[in-house]
Amino acid sequence: MYLRPISQVFSSSRRLFSNKSSPDLASAINELNKEMEAVFGQPPPPGFGSSSASYTDSSGHSTVQEIHYEPNNSGAKDLHGSEGGLTHVGGSGEAQMVDVSQKSPSKRTAIASCKVLLGKKVFHLVSANQLAKGDVLSVARLAGITGAKSTSSLIPLCHNIMLSHVRVDLKLNSEDCSVEIEGEAASTGKTGVEMEALTAVSVAGLTVYDMCKAASKDIEISSVRLESKTGGKSGDWLRKG
């Protein structure tokens, strides 16, 4: 996959350096660096383009020129901290916990949802509360609340948040023989509660599966997603459609 682009780079490099009488060697090296960045998706490592190069002009006089390559870091800010960037990635690519100490506390809420497709047989058993493990919806609701409170223990880089409210609702849908789950988390603090809401519905969905798995292995947990959030620097957000 990489053979053709790489061959193009070195073919180009032969053209760039074949004329030893050209005094514009710095431009030639910069052009080669750009071609390598286009092929490999990133600029050469720092120091790659720092070297001493010599050329001979038409009169036969030799000159040594120091060439310095300066990597383009214009994308670093977008990757490590601007809106839409990866805030959990450090400057050298390592995982990091975001420092929220400079943020101002605000009221934050988040709502998430998911669906558990049971199939007709299991759906009727759940509806009639005839499963051996007992009341599926009640147990799953409590599990979802517990899951929201345990988010920072489950997701390594999540902050330990003091939640002021957690709500988990489960509803049977006879049209597609599913359990529809909605979870809400709220807090007043320096970071959002989206992960707490998502963890609540995920754990509730997994608990529905655990309660019903003896009756069927065909159960499917799907459509785990954030529906809305409020508060924080990024403001309010609502899923469209």
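The coordinates are above.
No experiment lies behind these values; they were computed from the predicted model shown.

What counts as what
- Residues numbered from 1 in each chain as written.
- Predicted model: local features only at pLDDT ≥ 70, side-chain atom pairs only at ≥ 80, totals over all residues.
- Heavy atoms only, no water.
- Helix = DSSP H or I, 4+ residues; strand = E, 2+ residues; numbered from the N terminus.
- Contact = heavy atoms within 4.5 Å.
- Areas by Shrake-Rupley, 256 points an atom, 1.4 Å probe, with all protein chains shown as cover.
- Salt bridge = Lys/Arg side-chain N within 4 Å of Asp/Glu carboxyl O.
- Buried < 20%, exposed > 50% of the residue type's maximum accessible area, 1.4 Å probe, protein only.
- Core = buried A, V, L, I, M, F, W, Y, C linked by side-chain atoms within 4.5 Å.
- Expected span 1.5 Å × (residues − 1).
- Axes fitted to C-alpha atoms, helices over the stretch in contact; angles between N-to-C directions.
- Left-handed = near helix turned anticlockwise from the far one by under 90°.
- Nonpolar A, V, L, I, M, F, W, Y, C, P; charged D, E, K, R; others polar.
- 1 Å grid on protein atoms, 1.4 Å probe; cavity = no way out; pocket = protein on both sides within 12 Å on 5 of 7 lines; lining within 4 Å.
- Points joined across faces, edges and corners; volume = space filled by probe spheres on them.

Draft legend 1. Expanded view of the overall build of the protein. Scanning the protein for helices and strands turns up 7 helices and 7 strands. Along its sequence from the N terminus, the protein presents helices and strands in the succession α-α-β-β-α-β-α-α-α-β-β-α-β-β. Long-range pairs, those at least 24 residues apart, make up 62% of the contacts in the protein between residues at least 6 apart in sequence. When the accessible surface of the protein is split by element, carbon and sulfur atoms take 53% of a total near 14900 Å².

Draft legend 2. The pattern of salt bridges, seen in detail. The tally for this structure, following the rule as stated, stands at 9 salt bridges. With its nearest N and O atoms 2.6 Å apart, the salt bridge here joins Asp169 to Arg167. Where Lys213 meets Asp210, a salt bridge forms, and the shortest distance between an N and an O atom there is 2.6 Å. The partly exposed category is assigned to Lys213, whose relative accessible area is 30%. Through salt bridges with shared partners, one network takes in Lys115, Lys171, Asp176 and Glu180.

Draft legend 3. Structural detail: the nonpolar core. Counting 33 residues, the largest nonpolar core has Leu118, Val168, Ile181, Val208 and Cys212 as its most contacted members. Those elements that place two or more of their residues in this core are strand S3 (106-117), helix H4 (120-127), helix H5 (136-149), strand S4 (165-173), strand S5 (178-189) and helix H7 (194-212). It is H7 that contributes the most residues to this core, 8 residues altogether. Once residues within four sequence positions are removed from consideration, Ile181 is found in contact with Ala112, Ser113, Cys114, Val116, Val168, Asp169, Leu170, Val201, Ala204 and Gly205.

Draft legend 4. Highlighting H7. Here H7 contains 19 residues, and its C-alpha end-to-end distance of 28 Å stays within 8% of the 27 Å for a straight helix at 1.5 Å per residue. Considered for burial, the residues of H7 that qualify are Glu196, Ala197, Leu198, Thr199, Ala200, Val201, Ala204, Gly205, Thr207, Val208, Met211 and Cys212.

Draft legend 5. Main features of the packing of H5 against H7. Where H5 meets H7, the axes come as close as 7 Å, and the angle between the chain directions of the two elements is 145°. At the point where H5 passes H7, the crossing takes the right-handed sense. Each of Val136, Val139, Ala140, Ala143, Gly144, Gly147 and Ala148 in H5 lies in contact with H7, whose residues at this interface are Glu196, Thr199, Ala200, Val203, Ala204, Thr207, Val208, Met211 and Cys212. Split into classes, the residues belonging to the contact of H5 with H7 amount to 11 nonpolar, 4 polar and 1 charged.

Draft legend 6. Spotlight on empty space enclosed by the protein. One pass over the structure, following the stated rule, counts 1 cavity of 30 Å³ or more. Empty space within the largest cavity amounts to approximately 30 Å³. At the level of secondary structure, the elements contributing two or more residues to the lining of the largest cavity comprise H5 and helix H6 (151-154). Its residues assigned to classes, the lining of the largest cavity shows 3 nonpolar, 4 polar and 2 charged.

Scope: geometric values only; no functional claims are made or implied.
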